[in-house]
Amino acid sequence: MLKIVIVEPETFTLLGIKGAIEQSPDIEVTASATSGKIGFQLIEQMNPDVVLVDLLLPDMSGLELTRSIKRNTNSKVVIFTNQTHSDFINSAFRHGADSYMLKSADIELIELAIKRAYFNECLLDPKLAKKLLESLYQNRYIDPSFADKNLFEPPTERQIQVLRLLAQGLVFEQIAKEMFLSVSTVKNYASDLYSKWHVKNRYEAIKRGAMLGYIDYNLIVNE
């Protein structure tokens, strides 16, 4: 029997998915948590075969949790979320996710994703697969450079370094001194990242960076 841990912040959703999965004769829910830190502690203790992880946790990004699980345990990870944007999907797999499912999926499909992850197979929610294919098709003919830049190219190390310093409350002049760069160069790094993520300012970029797992929630300074 497969043993799983569920990390889901919404209590109602957690109870629902837990109750549904427990009806399966092949899967046992050994533990559950509503936060990333407690979830990771349970995962280390229980050593489950598969972990079901929501992307939006109260204390960290689900991608941070996924990365920690893959680096420190043998558990597989199935992302369980409402997030449909390609940025989240691409980042999830870059952080080591084994499958990616929407919360709207039928329980049979979620169980299939769990089982496939256990056997080292990947399952992407069919609704997302269709959306990604349509997006690729449209962007290929409208503007290939847009598709390449915005859907597939991850942020550079410099861009993430600037973003993390912004999250710590530094202004561009301070970041320039910290990185031994000119202020205009730092602003260009930030501007390019904003464009890549389709955000308007540093606050939206910091939020997106945290959600995508590039920034530790504990490092963000609330102004």
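Residues numbered from 1 in each chain as written. Predicted model: local features only at pLDDT ≥ 70, side-chain atom pairs only at ≥ 80, totals over all residues. Heavy atoms only, no water.

## Considerations on the pairing of strand 4 (residues 76–81)
Strand 4 sits mainly inside the fold: 6 of its 6 residues count as buried. Side chains Lys76, Val78 and Phe80 of strand 4 all project onto a buried face; the interleaved residues Val77, Ile79 and Thr81 project onto the opposite face, where all are buried too. Where strand 3 (residues 50–53) lies against strand 4, 4 bridges are found, and the strand directions are parallel. Each bridged residue has a counterpart across the sheet, and for Leu52 the counterpart in strand 4 is Val78. A crossover connection joins strand 3 to the parallel strand 4 through helix 3 (residues 62–72); in handedness this β-α-β unit is right-handed. One crossover worth recording links strand 4 to the parallel strand 5 (residues 99–102) by way of helix 4 (residues 86–94), and it is right-handed. (Buried < 20%, exposed > 50% of the residue type's maximum accessible area, 1.4 Å probe, protein only. Helix = DSSP H or I, 4+ residues; strand = E, 2+ residues; numbered from the N terminus. Pairing = 2+ DSSP bridges. Right-handed = clockwise from strand over helix to strand, strands pointing away.)

## Digging into the sheet that holds strand 4
An order of 2-1-3-4-5 is seen for the 5 strands of this open sheet, with the pairing classed as parallel. Two strands lie at the open edges of the sheet, namely strand 2 (27–33) and strand 5, each paired on one side alone. Pairs of neighbouring strands in the sheet enclose a mean axial angle of 25 degrees, with direction left out of account. Relative to strand 5, strand 4 is paired through 4 bridges, and the arrangement is parallel. What sits directly across from Ile79, in strand 5, is Tyr100. Along the sheet, helix 4 makes contact with strand 4 and strand 5, crossing strand 5 at roughly 145 degrees. (Axes fitted to C-alpha atoms, helices over the stretch in contact; angles between N-to-C directions. Contact = heavy atoms within 4.5 Å.)

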